[in-house]
Amino acid sequence: MMSLKGTTTGRDIFEAVSEAVEKMGLKWDTLCGVTTDVAPTMTGEHKGMASMVCAKVKESGGEAVRMHCIIHQEALCDKSVQLGDVMNTVVKIVNIIRARGLYHREFQAFLSDVDAEYGDVLYHSDVRWLNRGSVLQRFYSLRS
């Protein structure tokens, strides 16, 4: 890990990465991929750090691909896929189950009786978008 002082352009970040690669004695042609977020300094077609790294790898005889961070991909997907109705229904059902201790205990007993993969449902929190996937996945797995 390196600290950048001053500007953080694509060139600045690339130079810091180059310094780290050289310092560790790594070969550019063995680098196979670069994962970044959506910041223009990282993803710019000509002046972005990822483009410069891929060009350096190609210059060294290798080939590297640029990838977008998987967590950011899921966040982008979440924004474009309209699951509001589904999420509202699932959250209502989960809240009914979790609202009263008796309902919750009976539901846990039911899951145990049917040998469900999970022994409980998760609360949904709007604060963490990643939680949506977990809630939906666990809820969906209960259907079979």
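Reading the values: the criteria
Each chain carries its own residue numbering, running from 1 in the direction its sequence is written. pLDDT decides what is reported in this predicted model: residues at 70 or higher carry local features, side-chain atom pairs at 80 or more are listed and counted, and totals for whole chains, interfaces and linings draw on all residues regardless. Where side-chain values are given, they derive from all heavy atoms of the structure, hydrogens and water being excluded. By definition, any uninterrupted DSSP run of H or I lasting at least four residues is a helix, any uninterrupted run of E lasting at least two residues is a strand, and each is numbered from the N terminus. Only protein chains enter the area calculation, which uses a 1.4 Å probe; residues under 20% of their type maximum are buried, those over 50% are exposed, and those in between are partly exposed. Contacts are assigned to residue pairs that have any heavy atoms within 4.5 Å of one another. Accessible surface area values rest on a Shrake-Rupley calculation with a 1.4 Å probe, where residue burial reflects the displayed protein chains alone. All axes here are fitted lines through C-alpha atoms, helices being fitted over the stretch that makes contact, and every angle between N-to-C directions spans 0 to 180 degrees. If an angle is under 35 degrees, it is roughly parallel; if it is over 145, roughly antiparallel; if it lies from 65 to 115, roughly perpendicular; otherwise it is oblique. Side-chain rings of Phe, Tyr and Trp, where Trp is taken by its six-membered ring, are said to pair if the distance between their centres is within 6.5 Å; with planes under 30 degrees apart they count as stacked, over 60 as edge-to-face, and otherwise as tilted. Only one rule defines a salt bridge in this text: a Lys or Arg side-chain nitrogen within 4 Å of an Asp or Glu carboxyl oxygen. pLDDT is a per-residue confidence score from the predictor, ranging from 0 to 100.

**Q** Which residues make up the overall build of the protein chain, and what values go with them?
**A** The number of helices and strands found in the protein chain is seven helices and two strands. Secondary structure of the protein chain in N-to-C order comes out as α-β-α-α-β-α-α-α-α. Scored against the burial criterion, the 144 residues of the protein chain give a buried share of 26%. For the protein chain, contacts bridging at least 24 residues in sequence account for 51% of all contacts bridging at least 6. Here the protein chain displays about 10400 Å² of accessible surface, and carbon together with sulfur accounts for 56% of that area.

**Q** How would you summarise the packing of helix H5 (residues 84–99) against helix H6 (residues 101–113) if you had to cite specific residues and measurements?
**A** With their axes 5 Å apart at the nearest point, H5 and H6 run at an angle of 105° to one another. Classified by the interaxial angle, the pair formed by H5 and H6 is roughly perpendicular. Contact residues: Ile96, Ile97, Arg98 and Ala99 in H5; Gly101, Tyr103, His104 and Phe107 in H6.

**Q** Any chance you could break down the packing of aromatic side chains for me, citing the residues and the numbers?
**A** As enumerated under the stated definition, the model contains two aromatic pairs in all. Their ring planes at 35° and their centres at 6.1 Å tell us that Phe14 and Trp28 sit as a pair that is tilted. Of this pair, Phe14 sits in helix H1 (residues 10–23) while Trp28 sits in the loop between H1 and strand E1 (33–36), placing them 14 residues apart in sequence. Taking the relative accessible area as the measure of exposure, Trp28 reaches 7% and is therefore buried. Residues Phe107 and Phe110 carry aromatic rings whose centres are separated by 6.3 Å and whose planes lie at 35° to one another, so their mutual orientation is tilted. Of the two residues, Phe107 and Phe110 both sit in helix H6, three residues apart, roughly one turn of that helix.

**Q** Tell me what's going on with unusual backbone geometry, and back it up with residues and numbers.
**A** Phi is positive for Asp115, which is not a glycine, with a value near 50°. Structurally, Asp115 can be placed in the loop between H6 and helix H7 (130–141).

**Q** How would you sum up the pattern of salt bridges? Please name residues and give values.
**A** Following the criterion strictly, the structure yields one salt bridge and no others. Where Glu59 meets Lys56, a salt bridge forms, and the shortest distance between an N and an O atom there is 4.0 Å. Highlighted residues: Glu59 and Lys56, both in helix H3 (residues 49–59), separated by three residues, approximately one helical turn. Looking at Lys56, the relative accessible area reads 25%, which means it is partly exposed.

**Q** Describe the environment of Arg143, listing the residues and the values that go with them.
**A** Note on placement: Arg143 falls in the segment after H7. Counting along the chain gives 27 residues from Arg143 to Ala116, while the straight-line C-alpha distance between them is 9.5 Å.

**Q** Can you break down the environment of Gln137 residue by residue, with the values?
**A** Secondary-structure assignment places Gln137 in helix H7. When the C-alpha atoms of Gln137 and Val121 are compared, they prove to be 9.9 Å apart, with 16 residues separating the residues in sequence.

**Q** Account for the confidence of the model for the protein chain, naming residues and giving values.
**A** Here the protein chain averages 79 in pLDDT, while 83% of its residues score no lower than 70. Looking at the elements of the protein chain, mean pLDDT is at its lowest for helix H4 (residues 70–80), recorded as 63, and at its highest for H3, recorded as 91.

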